[in-house]
Amino acid sequence: MENQLQILIVMIIYMGLLIMWGLYQGRKVKTSGDYAIAGRRLPGWVAALSERATGESSWALLGLPGAAYAMGLTEIWTAIGCVLGIITAWVVLAWRLRDEAEKYNVNTFAQYISRKHGETGRQIRIVGSLTIVFFFFFYVGAQFLGGGKTLHTMFDIDARLGMLITAAIIVPYTIYGGFRSVVYTDVIQAIVMIITLVIGPIAGVIYLANHPELYAQSISSALQSAGDSYTSMTGAAQGFGAGLIIAGGFSWFFGYLGGQPQLSMRFMAIKDARHAKKARNIGIIWTVIAYIGALSIGWIGIALFGPAGLDDPEYVMPRVILTLFPPALASILITGAIAAMISTADSLLILSATELSENLLKKDGKKVEKAKKDRSLRRSRLVTALLAVIALAIAYVSPSKLIFTLVSYVWAGIGCTFSVVILLSLFWKKFHGRAALATIIIGLLFTVFWISGGFEQHYRVTENKTTFLVEQEVILPGEQSLFENMEGEKYIASSSFETDLEKAVQEKWTAGEIEEKIPVLVTSYTEKGIPARLLTFLVALFVAVTGTYLLPRKEEKEVETDK
């Protein structure tokens, strides 16, 4: 209770200062261009730290440590795929996108693609913006849900109240200062994140060596004690199964190749070529350090709590930090982590708002020059406020599983599809607008088909997994027979799988045991297929190349830009 109170006090102070910092930066916003892309005048170090905070916040602090805790060394492939993708983006794409944004004088991601392919620019702008607004709209809702869940877990605050608090933190400065306020608050988050991911593992290694009563006294001994699946780079899988695991982890690479709008906008906003080089160096160094730290925290969690010691693996980082550090210091580190997770919503909100305002509500071309700048800025702020209210309302009334299902399409459907479009737009002169439009549509539809069909991930009770759960004392030896009727059956939806698991144990387990153990069972019985990220990228690439040759190219026309 004392720890919770300290964290809450620190969090209130931290968030208050963060809001004031965001509002201060918003004072410098004078035009819709400032609001949407900070006037393309971001210093390199600001762009780099903002891009890293936006790209990694909840993933680096919750997702990756949680996956490392649950999977052991297997998760290295995911880290390799992500790190190589990020390095490639900074080295190969960042400066080119900055130059292209300046050349075409664009304020949004879809606007760049539409002006690059002027012959079908209007259709690309509408389809691209609608796709981004729709899916990232639910993404914002998911961030509100995640913020509510985090506050509920940490402080036992009602999750719905937590959503309101999350919105109250990020919405004011996002409405007022737009992209500029968002990126400068991201800088603070990135600094706190990297501090946590550096000192956490160092303190963890020292702590383990001096506490012999723990599950293990080092990361290596913890992995060995947890079993073969934790020490194997393929989760003890062989043959085709091992290939799937490697491909699944590495496939994160393809989503970083320019296709994530919230990241590419940071590249486009960099001030000049000199700042782009500085941003590249900072971004790469931050990434390598952060990923090593995130993996290490997950593995330290195994040594502290054992492989089945946590109900929710994604909260291994807060648990590790609270174990390693005095309450005052732990409060600061966890507060920064929570703030980074919550503030991801601001980047997604401003992206959706500017795509809607700049591409769907604002007329392109010379007519824009006649509009008053303050009127355009007011419209941008109004759209941002409206989207925030609607996203919060949807998070309140929609089933959380529906929202997170739609969000699951973002990385493959948008990230990998638009990566193909961006890469070919930059490096292949023959690639044209009709091929780009076909790539966007088919790539997104394929992702929905693959994920909703259970081809990427499904759930199945197996004897080997049940035996492992018995060894980890999640299931008692006499309880194995409870799951025999479910063995071999494939479940596509996690909700139906959870329901059948609960029915199987309801006569033997208490309500508390069901609440505690069912999430562990779901995680353990999850089976991975061919990842949508990899296949979507390949399908989109095939459509783009064949479309370039088979679809007739419309006559190119001059694309007017706002000067």
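Our subject in this report is the structure included herewith.

Thresholds applied
Residues numbered from 1 in each chain as written. Predicted model: local features only at pLDDT ≥ 70, side-chain atom pairs only at ≥ 80, totals over all residues. Heavy atoms only, no water. Phe/Tyr/Trp six-rings, centres within 6.5 Å; stacked < 30°, edge-to-face > 60°. Helix = DSSP H or I, 4+ residues; strand = E, 2+ residues; numbered from the N terminus. Buried < 20%, exposed > 50% of the residue type's maximum accessible area, 1.4 Å probe, protein only. Lys, Arg positive; Asp, Glu negative; His and termini not counted. Salt bridge = Lys/Arg side-chain N within 4 Å of Asp/Glu carboxyl O. Core = buried A, V, L, I, M, F, W, Y, C linked by side-chain atoms within 4.5 Å. Contact = heavy atoms within 4.5 Å. Expected span 1.5 Å × (residues − 1). Polar contact = N/O pair within 3.5 Å; in protein donor to acceptor, adjacent residues only side chain to side chain.

**Re the packing of aromatic side chains**
Evaluation of the coordinates by the stated rule reveals 24 aromatic pairs. Here the aromatic rings of Trp-90 and Phe-267 are separated by 4.7 Å at their centres, their planes lie at 70 degrees, and the arrangement is edge-to-face. You can see Trp-90 sitting in helix H4 (residues 76-104) and its partner Phe-267 sitting in helix H12 (residues 261-268), a full 177 residues away along the chain. A single burial state applies to Trp-90 and to Phe-267, both of which are buried.

**Regarding the environment of Asp-312**
Topologically, Asp-312 is positioned in the loop between helix H13 (273-305) and helix H14 (316-324). Note: C-alpha distance between Asp-312 and Ala-70 (242 residues apart in sequence) is 9.6 Å.

**Quick notes on the side chain of Glu-119**
If you trace the backbone, Glu-119 turns up in the loop between helix H5 (109-116) and helix H6 (121-155). One buried charged residue, Glu-119, forms no salt bridge at all, with the nearest opposite charge on Arg-553 at 4.3 Å.

**Regarding the nonpolar core**
If you look at the biggest cluster of nonpolar residues, it comprises 155 residues, and the most contacted ones within it are Leu-42, Trp-90, Tyr-112 and Phe-144. Take this core: its biggest share by element is 18 residues, from helix H7 (residues 159-209). Discounting chain neighbours no more than four positions away, the residues touching Trp-90 are Ala-47, Ala-48, Glu-51, Arg-52, Phe-267, Ile-270, Ala-279, Arg-280, Gly-283 and Ile-284. With 20 residues, the next largest nonpolar core counts Phe-483, Val-505, Ile-518 and Tyr-525 among its residues.

**Regarding H13**
Between its terminal C-alpha atoms H13 stretches 48 Å, which fits the 48 Å expected from 33 residues at 1.5 Å a residue. Backbone nitrogen of Arg-274 and a side-chain oxygen of the N-cap are separated by 3.2 Å at the start of H13; the cap is Asp-272. Backbone geometry just after H13 places Gly-306 at a positive phi near 85 degrees.

Note that all results are geometric; they support no functional claim without further evidence.
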